Structures are given as C-alpha cells and as structure tokens.
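Survey of secondary and tertiary structure
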Amino acid sequence: MIARAVLFASLLPLSALAQLEVYVVNGTTETPVGAIVNITASPGDTVTTTFSVRNTGSAPAVLNTLSLAGTGFSFGTVPQLPYTLPPYTGSPVSEAQFQVSFSPTAVLTYNAFLNVNTIEVILQGNVTQSAVLTLAGSSTPITAGSIIDFGSVLAGETKLLGFNLSNPGSSAIPVGALSVAGAGFKGPIGASAPLSLAPGQTVSFQVEFLPNSGQTFQGTLAVDQRTFVLTGQGLNPPLPTASIVFGSSVGQSAQQNTVSIPLASASQVAGYGTLTMTFQPSVQGVEDDTAVQFLSGPTRNATVTISPGDTSAQFDGGASDLAFQTGTTAGTITFTLTLNGNSTPAAQATLTIAPAAVNLQTVTCVRLLGELNVSAIGFDNTYSASELGFTFFDKTGAQVEPGAVQVNAGSDFQSYFATTQAGGMFGLLAAFPVSGDTSQIVSVNFQVTNSVGTTQVTGITIGN
Amino acid sequence: MKALFTFLSINLVICAQSTLAPPKVGFVQDGRSSVHAVVGLAGNFLTGPTVSTGAVAAAYSGSLGLIKTDAQLIVTDANGQAIANTNAPGGRALFGFAAGGHAALAYFEATGALVIWNGRAFQSVPLDAATLAGSMVVSIAFEDSNLAAFVVERQDALWKVDVRTDTGAVVSQTALPGVTAPALLVASGDLVYANTRGLVVRKADGVEKQVAAHLPKNFALEQMGDGWVEVRDLASGRLYALCVQSGHEAYYTLPEVRQ
C-alpha cells in the first residue's frame, strides 16, 4: 500500500503540489471558510458575499470548477475559468475572487452547495424578518445596499426624501438603530431608534440632502445592520446674468471711458472670466489702432472675478470698472465677456465710433524771425484728410493777399497715416517763411477737410 | 510732407512748408524710475518704451527735459536725447521751466542748491540757506531770467517766495491760502494743486479752473510737457495726466506702462 502511494505521488504532475484554500472577504479582512458559511438577510434584501481563492502550494494551480447549487443564491462576479492561480504571495493580486449573492424572498432557511474545484462549502442563508424600507409614495421595498439618489440640488438648497419603515409581518419588529451618516445628509427627521414596529405598523421619517458645493455627495442610511447608500449631486448655482455697461454710451474717438459688468443679482457663487476688447476699424486698409486699449493691465484682455455676494464683477485690484480709450480710428469696439471657462460669451457689447470730421484740439500760430508757424494737433478718424486752408489777417482785419491759401495735402496725409503707429492722430506744423513785416499779420484762420466734412478754427491769434 | 506754395500780398511774400508727425505730449517718470515718451492728445495717449532709467526725478517742458539721477543732472532735448549733464548731489530734485520751456531751474533737496540751465550751460544761483530755512520746498518755477519762484510749506501753510537768481535775495513772499501740498508751478505761470473735488488750475491772473479728478491718496505732480502735468500715484506708480491748456483743462488716465 505504501509503495503504491509513493508510486502514485511520483506520477502526479507538478500542479498537483498546489493547494487551494477558500476565504470570505470582509473589507480588507479575509477569513478561511469552514464547512458552512452563514449568511443573514431579510426578505427582499440581496446580500452579496465575496470569496477569494488562494493557491497555498508552491506551484501554479488551475481553478477549473466554480459551481453553486441551491435556491436563493447566485453568482455575481466570477473569474473566467479555467483560471491559473500562482502561488499565493500575500497580495490580493495572486488570488481569484468571486461573489455570491443571497436574495431571500421569505422567512425560511436557505441552503446551497458551493464547489471550488474539489472543495465543497455549504452556504446557509438565515432569514430574519426586518422592517421594510420604502420611499414615501412607493410600495417597492428598498433592498439593503441599494443606492438612494437624491438627484441634483443647488448648493445651499435642500431636498427632503420621505421614507417609510413598515412591518408586514405578524409579530413586532424591533428596530435598534436608525441613522444617517455622511457629509451633506441629515436625518432621520421624524423618527428615532430604538423603536418597535407592531404588525402592520408604518413609521415615516425624512432624510435631508443639503449640499454646500457643486460636488457629488455620498452618505449612508442604516436600519439596524442593513445599510443603504445615499447619494446626491450638489450643483453650483449659476452666476447671475452679467451685462456690459459703459460709463458713457457715446461712441467717439479720443474718449476715455469706463466699462463695468453689473450682475442681475448678488452672486451666490464665485466665478472668473475675461473681458476681451477687439477693434474692427471701418477705415479701408486699416487693421487696428493700438490706442484702443484698456488703460491698465493687458491692453485688450482684462481678468474679472466674481465673489459670493458681488453685485458686479471685479477687475484687477478690486475695481468695479475699468478705464479704456477709444483711439482715433472710426470703427467698432466690441467687448466680449466669457465666464468660468465657457467659450460661449456671457455678454457682449459694442461701441461704434462713427467717422467724423477732423477734430482739432489745439491750433496755434507763432511769429518767428521771418516766419510764421501754424501748429495743429488733432485727429482724423477717417484717415482721409486732404485740403488744408490758411487765411491770414492783418491788423485792420483784412485778409492778407491772396486770401485763403488752399493746400491739397491728401497724399501727404495718406503717406503719414500709412506709416504712423498713432492711429488717426497727427501733429501738423506749417511754416510760412515771410518776406516783409510779419508783425502786420495778427491772426489766421485754419481749416482742414476730410471725407466727412470741413473743420475750421478761426481767429487764431499769432503769438510771439 | 513738404507742400510748397507761394503767394503774394501787398507787402509780403509767404511760402508754406509743413510736416506731419504724431503729436507729442511729453515724457513721464514711472514708478520704477524709468522715463517714457508719451504721444497723443487729450483722451488718447500712447506710452512708449523706456528712454531713460534710474531717474530720481524728471520733468519736461515740451522742448526741454531735466532728469535727476543719483549723481547727475541731465538735460535732454525735445526728443529726450541728452544734450548736457552735470554732477548733482544725491536725493530728489525739483524742476521749474521758463515760459517757452527753453531754460530751467533745478533745486536739490539734499543740499538746498539751485542751478539754472540757461539753454547753453549750467549756472549756480547764490541761494542763501537761510532764505528757505524752516520751509519745505514744494515746487519751483523760473518766472523770468532773473526770478525764481519757490512754493514752500511753513507750518501747514503754503507760501510763494520769489528769489532773484543773480543774488539769491528774496524779492517777495506771498501766502497761498487754500493751497496745500502737493502743488506745482507750471512754466505757463499756472499753479496746480488739489482739493476735495480734484485738481485746481490757478491761472497766473488768479482765475481758478476746477478739474474733476479721482486722485490717488498720495501723489506727486510734475510737468510732463507743454501744457501737461503728470500725476503719479506714489503707491502704485500709476500715471495720470492733467491738461492745463486754457480751455482744455481736464484729467486723464495714461495707459499703464507695460514692460
């Protein structure tokens, strides 16, 4: 007999030196199973038990058989068979795990046979009557482990869900614990444990979901040993509607204006964004006017922030408005506000700078030795200035012959505007070398014409 | 642009030649002691790149500039190009320009010395230290070739003290009731100071023009060009411009100096 046994052992393949063991997994704890595994549940509940299989031998082992026979039990997740198990290293990676669900429908005793290769385990389902949990307005029992979803709720607001605990049985059911746990959830409201449910009795209570931010919240409702997953999505309230308001709605060149972003109501949440300024000249051939810019920070982009309680967006430095200038080129300045990274503009506003006659801010004339100098500072937002006119007057008020002097300076202005980086601004110096007594000439009229009209400054006193 | 034309009058022959260029406002000293050109006109400005660094103080008349560095006083032309310099004591300086802007005064706070730039050379003014003893000089002006004006603060009141530039003798002293520092005498003879509503431009004839302005808490005034005064926020370095040209007095924000 001994000799045959030795012979048999020598004929076994190497894998036969492997040995399988089955464990019950509870969280991170694994306990070797005995011949019987007890599982407790209530009618309507589904209790899932996780098992692991280890190869405690020194060579790889193959898991070929995984079977379950018995009412009320079913496999959940199982490995694909055959499954080769390496020698157990102490790491769950070297295990095979599977799940068995127990779903009793009545207060009975349930049994099933679980076979893992040649290992046989009896699963014994113990069923106890417990209080039935339902949502208010529903007769469908909620099984242990189920997810109860509160849906989406704005941060700062609350949502209540009503529950019923009932006893459908013929004897009283004690409820020793009824609790709610988890950030964002509060309760139970309206009932407290311990309590005893008489046959046919129902106790109602509520659970409150009150998110304080725009994130997912998860909690637990526990009824004795059974737990139910509470979940809800907090939502950030939307930013109030923003608008773009100008300090002055008059669109003109060479203006310093302000822009602000009032909110339709005090914001409940923080936000951020960008106010972008773009300029589209209406002058043919002109692409931009660099003087169209914000007067602080980046020239065409401004960061805005919104804090809870704000009634208008804040610019850098906490200011509620931002200064900008309109340049000296006709066109359209567009302000676009984007918030919270959303590419769809939250607001947009335009300021149209209409073409205008030449604006002369200062015109002076000085008498030098043998020369009269007429200086003009102004802008032409059409870039089309052409005719210049000078008319000099003597002490008697009479025009100095030959009267109005017209100069077609169109090509000179075109050349200037084509090369300058100053938009439509210009400084004009007209020098008049004079033969004779310049003191006889006391004043001058100056005019300049562009595509919109003629601008004239009269009675310019000639200074020394 | 060179448009040339000729016409005859009874007694005169007049020709015209004209040029176009971006209008110059002047030069400003930013909060980082750098000097920048400013072109533009009322309501539309462009600040240019740095033209000078290390400025302790700087001012421009439109045709002349003065820059005080740690150890030098530099004179610049209308384009900001240095044309002369001289040694100077450390510390701040105050500047004043003659009408027309071609001559200037520099007052060195550390030593109480007064120097004239007459358009060709520097000249020291024999200013007796006792002349301004007990006073803090707020602003200076070059009233004419023989007269320097000091706005000084004495016991919370401002006074205008006129001093001969050839002898250093005090010619007159006039109280400036209602005027508080900072204040600035401009080459045109205007006096600029602040009140609760903004800035006031007191013309040479005494007429005052109130200019609405949201002023920084602490600021400095300096002439930045012909008819323009720089207002510099001493805390943030932000720059503003006051136009003091008659009939055009207004307060503007200068575009931030961007590096």
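Please read these numbers as outputs of a predicted model, since none were measured by experiment. (Residues numbered from 1 in each chain as written. Chains lettered and ligands numbered in written order. Predicted model: local features only at pLDDT ≥ 70, side-chain atom pairs only at ≥ 80, totals over all residues.)

**Some remarks on the overall build of chain A**
Looking only at helices and strands, one finds 2 helices and 37 strands in chain A. Against the compact-globule benchmark of 23 Å for 464 residues, chain A has a radius of gyration of 44 Å, which places it well outside the compact range. Looking at chain A residue by residue over its 464 residues, the buried ones come to 34%. (Helix = DSSP H or I, 4+ residues; strand = E, 2+ residues; numbered from the N terminus. Rg over C-alpha atoms; globule rule 2.2 N^0.38 Å. Buried ≥ 20, exposed ≤ 12 C-beta atoms within 10 Å, placed from the backbone.)

**Some thoughts on the overall build of chain B**
Helix and strand counts for chain B stand at 0 helices and 25 strands. Scaling as 2.2 N^0.38, a compact globule of 259 residues should have a C-alpha radius of gyration of about 18 Å, and chain B matches this with 19 Å. The 259 residues of chain B split such that 46% are buried. The long-range share in chain B, meaning contacts at least 24 apart out of those at least 6 apart in sequence, stands at 37%. (Contact = placed C-beta atoms within 7 Å.)

**Here we look at the interface of chain A and chain B**
With 43 residues of chain A at the contact, the number on the chain B side is 35 residues. Secondary-structure elements contributing two or more residues to the side of chain A that touches chain B are strand 28 (321-325), strand 31 (359-368), strand 32 (371-379), strand 34 (405-408), helix 2 (410-419) and strand 35 (425-435) of chain A. No other element matches strand 35 of chain A, which puts 11 residues into the side of chain A that touches chain B. For the side of chain A that touches chain B, a count of residues per class yields 24 nonpolar, 16 polar and 3 charged. (Nonpolar A, V, L, I, M, F, W, Y, C, P; charged D, E, K, R; others polar.)

**Quick word on the pairing of strand 26 (residues 301-306) of chain A**
Residue and element names in this part refer to chain A. Taking every second residue as pointing to the same face, the buried face of strand 26 carries Ala302, Val304 and Ile306, while none of Asn301, Thr303 and Thr305 on the other face is buried. Across 6 bridges, the pairing between strand 24 (residues 271-281) and strand 26 is antiparallel. Paired with glycine 273 across the two strands is valine 304, which belongs to strand 26. Here 2 bridges tie strand 26 to strand 27 (residues 314-315), and the two strands are oriented antiparallel to one another. Note on strand 27: the bridge partner recorded for threonine 305 is glutamine 314. (Pairing = 2+ DSSP bridges.)

**Digging into the environment of glutamate 401 of chain A**
Turning to its location among the elements, glutamate 401 of chain A is positioned in the loop between strand 33 (387-394) and strand 34. Spatially, the C-alpha atoms of glutamate 401 of chain A and threonine 391 of chain A are 8.9 Å apart, while their sequence positions differ by 10 residues.

**Examining the sheet that holds strand 4 (residues 35-41) of chain B**
All names here are of chain B. The strand order across the open sheet built from 3 strands is 3-4-5, with neighbouring strands paired in antiparallel fashion. The open sheet has two edge strands with one neighbour each: strand 3 (24-29) and strand 5 (44-52). If you compare each strand with its neighbour and ignore which way they point, the axes differ by 25° on average. Bridge analysis of strand 3 against strand 4 gives 5 bridges, and the strand direction is antiparallel. Looking across to strand 4, one finds that valine 28 is bridged to histidine 36. (Axes fitted to C-alpha atoms, helices over the stretch in contact; angles between N-to-C directions.)

**Let's talk about the confidence of the model for chain A**
When pLDDT is low, close inspection of the predicted coordinates is not appropriate. Model confidence for chain A is summarised by a mean pLDDT of 91, while 96% of its residues fall at 70 or above. Below a pLDDT of 50 lies the segment residues 1-17 of chain A, which in the model reaches 8 contacts outside its immediate sequence neighbourhood of four places, other chains included. (pLDDT = per-residue confidence, 0-100.)

**Some words on the nonpolar core**
Ranked by size, the top nonpolar core spans 139 residues in total, and within it Ala104, Leu105, Val192, Val229 and Ala241 of chain B carry the most contacts. It is strand 35 of chain A that contributes the most residues to this core, 6 residues altogether. Each of domain 3 (245-353) and domain 4 (359-463) of chain A accounts for three or more of the residues forming this core. Of all hydrophobic cores here, the second largest spans 22 residues; its members include Leu165, Val203, Val207 and Phe217 of chain A. (Core = buried A, V, L, I, M, F, W, Y, C linked by C-beta atoms within 7 Å. Domains from an automatic or database assignment.)

**Points about the domain arrangement of chain A**
One can read the domain layout of chain A as domain 1 (13-127), domain 2 (132-235), domain 3 (245-353) and domain 4 (359-463). On a C-alpha basis, the centroid separation for the pair domain 2 of chain A and domain 3 of chain A is 50 Å.

**Some thoughts on the environment of alanine 99 of chain B**
All names here are of chain B. Relative to the helices and strands, alanine 99 is located in the loop between strand 10 (93-97) and strand 11 (104-108). Taking the C-alpha atoms as reference points, alanine 99 and valine 35, 64 residues apart in sequence, are found 23 Å from one another. Contact partners of alanine 99, with chain neighbours within four places excluded, come to Ala187, Ser188 and Gly189.

**Observations concerning the environment of leucine 429 of chain A**
Within the secondary structure, leucine 429 of chain A sits in strand 35. Its 15 C-beta neighbours within 10 Å are what place leucine 429 of chain A among the partly exposed residues. Each C-alpha atom, one on leucine 429 of chain A and one on valine 363 of chain A, is 9.7 Å from the other, the two residues being 66 residues apart in sequence. Sequence-distant contacts of leucine 429 of chain A, that is, excluding residues within four places in its chain, are made with Asn373 and Ser375 of chain A together with Ser18 and Thr19 of chain B.

**Side note on helix 2 of chain A**
Residue and element names in this part refer to chain A. Looking at helix 2, one finds that the buried residues are Asp412, Phe413, Tyr416 and Phe417. Down the axis, helix 2 shows its buried residues gathered within 125° of arc, on one side only. Every exposed residue of helix 2 that faces more than 90 degrees away from the buried side is listed here: Ser411, Ala418 and Thr419. (Arc of directions from axis to C-beta.)

**Considering the sheet that holds strand 8 (residues 72-76) of chain B**
All names here are of chain B. On the basis of which strands lie adjacent, the open sheet formed by 4 strands has the order 6-7-8-9 and antiparallel pairing. Looking at strand neighbours, the two that pair on one side only are strand 6 (57-60) and strand 9 (82-87), the edges of this open sheet. With strand direction ignored, the average angle separating the axes of adjacent strands in the sheet is 15°. Pairing analysis gives 5 bridges linking strand 8 to strand 9, with the strands arranged antiparallel. Note that in strand 9 the partner of threonine 76 across the bridge is alanine 82.

**A few points about the confidence of the model for chain B**
All names here are of chain B. Mean pLDDT over chain B: 90, with 93% of residues reaching 70 or higher. Taken as a whole, residues 1-13 scores under 50 in pLDDT and shows 39 contacts with residues more than four places along the chain or in a different chain. Overall fold confidence for the complex sits at a pTM of 0.74, while the interface term, ipTM, reaches 0.90.

**Things to note about unusual backbone geometry**
Residue and element names in this part refer to chain A. Here the bond from glycine 187 into proline 188 is cis, since omega is -5°, no more than 30 degrees from zero. Along the polypeptide, proline 188 turns up in strand 17 (residues 185-189). Put simply, alanine 193 and proline 194 share a cis peptide bond, and its omega is 0°. Along the polypeptide, proline 194 turns up in the loop between strand 17 and strand 18 (195-197).

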